[in-house]
Amino acid sequence: MSDRFAVIPQYLLPKRALTVVAGKLAGLRGGRLTTAVIRWFIRRYGVNMAEAAHPDPAAYPSFNEFFTRALRDDARPLVDADFICPVDGAISQFGPIRGDQVFQAKGHSYSCSALLGGDKQLAAQFEDGQFATLYLSPRDYHRIHMPCDGRLTEMIYVPGALFSVNPTTARGVPGLFARNERVVCVFESAAGPFVMVLVGATIVGSMATVWHGVVNPPRRPDITKWRYEDEPIVLRQGEEMGRFLLGSTVVMLFPKPMMAFNPAWAPGVAVRLGERMGRALPPPPETVLALDD
């Protein structure tokens, strides 16, 4: 079966209604029933609870609290690297941005501007730069951490569709990551600017950041922006920056020349938080900013 044919049901399903219902159910505190659902999920997806700060499924009052569970402090040691992998997941795609085009899958790409909610000035900073798209499966740890030290300058909520973001859908739905609902987080670092885009999907109840809390719901009908230039929001490498309430994908954009990716990376390879993602390359002098200015 072709990937395009396989995703036809997603065009027909009431994705938003399903997502709203799933989000409400995941937030319920159902006692033994909730624990039974969590135990089923652990068995179904092979979740490694030995890594969790609270390994007992009964310790989580709701499915959301289980899904966004914290890990043990020693579960993800950080390597000494300029850029570390910010999540547990798998590499969907990564590499150079061709002009303003980000590669999605064979036969599909999308523009930086589309991904960033039509902000052409922001998108121009990443032309001929680099990107990485990391997919979080249901079994993965679903908190998102900082790849390097960064100062937050802007957050953009972009309304959109709620297609699944699994590999089959990425191959079958054109412009997937630039048409789904998403939250764009813009940072400045010692090596230059970068963005982390949290992409929503079917059944993803909400996305949250540590500085804002839950961004959606409510699902706003229009693009919404928050500016933080006058607020000292600085997150250090390895610190949590956000989380998904029911899995999804993170897309990162970097300008040229900023980073050389880990040579061991390849599409489809599993990655873990704290592993080496890349090393910094000398940025143009005008992009170097002191985080504490």
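What comes next concerns the included structure. (Residues numbered from 1 in each chain as written. Predicted model: local features only at pLDDT ≥ 70, side-chain atom pairs only at ≥ 80, totals over all residues. Heavy atoms only, no water.)

**A closer look at the side chain of Thr 249**
No. 1: Relative to the helices and strands, Thr 249 resides in strand 15 (residues 249-254).
No. 2: On the basis of relative accessible area, Thr 249 is assigned to the buried category, the value being 1%.
No. 3: Thr 249 has contacts with Thr 133, Leu 134, Tyr 135, Val 165, Phe 177, Val 197, Leu 198, Val 199 and Phe 244, leaving out every residue within four places of it along the chain. (Helix = DSSP H or I, 4+ residues; strand = E, 2+ residues; numbered from the N terminus. Buried < 20%, exposed > 50% of the residue type's maximum accessible area, 1.4 Å probe, protein only. Contact = heavy atoms within 4.5 Å.)

**Concerning the pattern of salt bridges**
No. 1: Per the counting criterion, the structure on display carries 12 salt bridges.
No. 2: With a shortest N-O distance of 3.1 Å, Glu 51 and Arg 272 are connected by a salt bridge. A residue pair is termed long-range when its members are at least 10 positions apart, and Glu 51 in the loop between helix 4 (32-45) and helix 5 (63-67) and Arg 272 in the loop between strand 17 (270-271) and strand 18 (276-280) qualify at 221 residues.
No. 3: Classification of Arg 272 by relative accessible area gives partly exposed; the value is 36%.
No. 4: Here the salt bridges share partners, and the residues they tie into one network are Glu 51, Arg 76, Asp 88 and Arg 272. (Salt bridge = Lys/Arg side-chain N within 4 Å of Asp/Glu carboxyl O.)

**Concerning the sheet that holds strand 10 (residues 206-209)**
No. 1: Read across the sheet, 4 strands follow the order 6-14-10-11 without closing on themselves; strand pairing throughout is antiparallel. Taken across any chain shown, the strands that pair with only one partner, and hence form the sheet edges, are strand 6 (143-145) and strand 11 (213-216). Across the sheet, the axes of successive neighbouring strands diverge by a mean angle of 25°, strand direction being ignored.
No. 2: Two elements, strand 10 and strand 11, share 3 bridges in a ladder whose sense is antiparallel. Paired with Met 207 across the bridge in strand 11 is Asn 216. (Pairing = 2+ DSSP bridges. Axes fitted to C-alpha atoms, helices over the stretch in contact; angles between N-to-C directions.)

**Section: the packing of aromatic side chains**
No. 1: What the rule picks out here adds up to 16 aromatic pairs.
No. 2: Between Phe 194 and Phe 254, the ring centres sit 6.1 Å apart and the planes meet at 25°, which makes this aromatic pair stacked. Of the two residues, Phe 194 sits in strand 9 (residues 192-199) while Phe 254 sits in strand 15, which places them 60 residues apart along the sequence. Note on accessibility: Phe 194 and Phe 254 belong to one class, buried.
No. 3: Three or more aromatic residues link up through ring pairs in this structure, and these residues are Phe 41, Tyr 45, Tyr 60, Phe 63, Phe 66 and Phe 67.
No. 4: Between Arg 44 and the ring centre of Tyr 45, over which it is positioned, the NZ or CZ distance is 4.8 Å. (Phe/Tyr/Trp six-rings, centres within 6.5 Å; stacked < 30°, edge-to-face > 60°. Lys NZ or Arg CZ within 6 Å of the ring centre and 35° of its normal.)

**Structural notes on the sheet that holds strand 16 (residues 259-261)**
No. 1: In spatial order, the strands read 1-18-16; together these 3 strands make up an open sheet with antiparallel pairing. Unpaired on one side and paired on the other, strand 1 (83-84) and strand 16 mark the two borders of the sheet.
No. 2: Where strand 16 lies against strand 18, 3 bridges are found, and the strand directions are antiparallel. Across the sheet, Met 259 pairs through a bridge with Ala 280, a residue of strand 18.

**Focus on the nonpolar core**
No. 1: Counting 38 residues, the largest nonpolar core has Phe 187, Met 196, Trp 211, Met 241 and Trp 265 as the members making the most contacts within it.
No. 2: Excluding its chain neighbours within four sequence positions, the residues that come into contact with Phe 187 are Met 146, Gly 150, Arg 151, Leu 152, Thr 153, Gly 192, Pro 193, Phe 194, Met 196, Trp 211, Leu 235 and Met 241. (Core = buried A, V, L, I, M, F, W, Y, C linked by side-chain atoms within 4.5 Å.)

**Structural notes on unusual backbone geometry**
No. 1: Cis geometry is found at the peptide bond from Lys 256 to Pro 257, where omega equals -10°.
No. 2: By the secondary structure assignment, Pro 257 is in the loop between strand 15 and strand 16.
No. 3: In this model, Asp 128 sits at a positive phi of 60°, which is unusual for a non-glycine residue.
No. 4: Inspection of the secondary structure assignment puts Asp 128 in the loop between helix 7 (120-124) and strand 5 (130-135).
No. 5: The exposure class assigned to Asp 128 is partly exposed, which follows from its relative accessible area of 42%.

**A short note on helix 4**
No. 1: With 14 residues, helix 4 ought to run about 20 Å at 1.5 Å a step, and its terminal C-alpha atoms sit 20 Å apart, in line with that.
No. 2: Considered for burial, the residues of helix 4 that qualify are Thr 34, Thr 35, Ile 38, Phe 41 and Ile 42. Down the axis, helix 4 shows its buried residues gathered within 120° of arc, on one side only. Relative to its buried face, helix 4 has exposed residues pointing more than 90 degrees away, namely Arg 32, Leu 33 and Arg 43.
No. 3: Once helix 4 ends, the next one or two residues include Gly 46, with phi positive near 65°. (Expected span 1.5 Å × (residues − 1). Arc of directions from axis to C-beta.)

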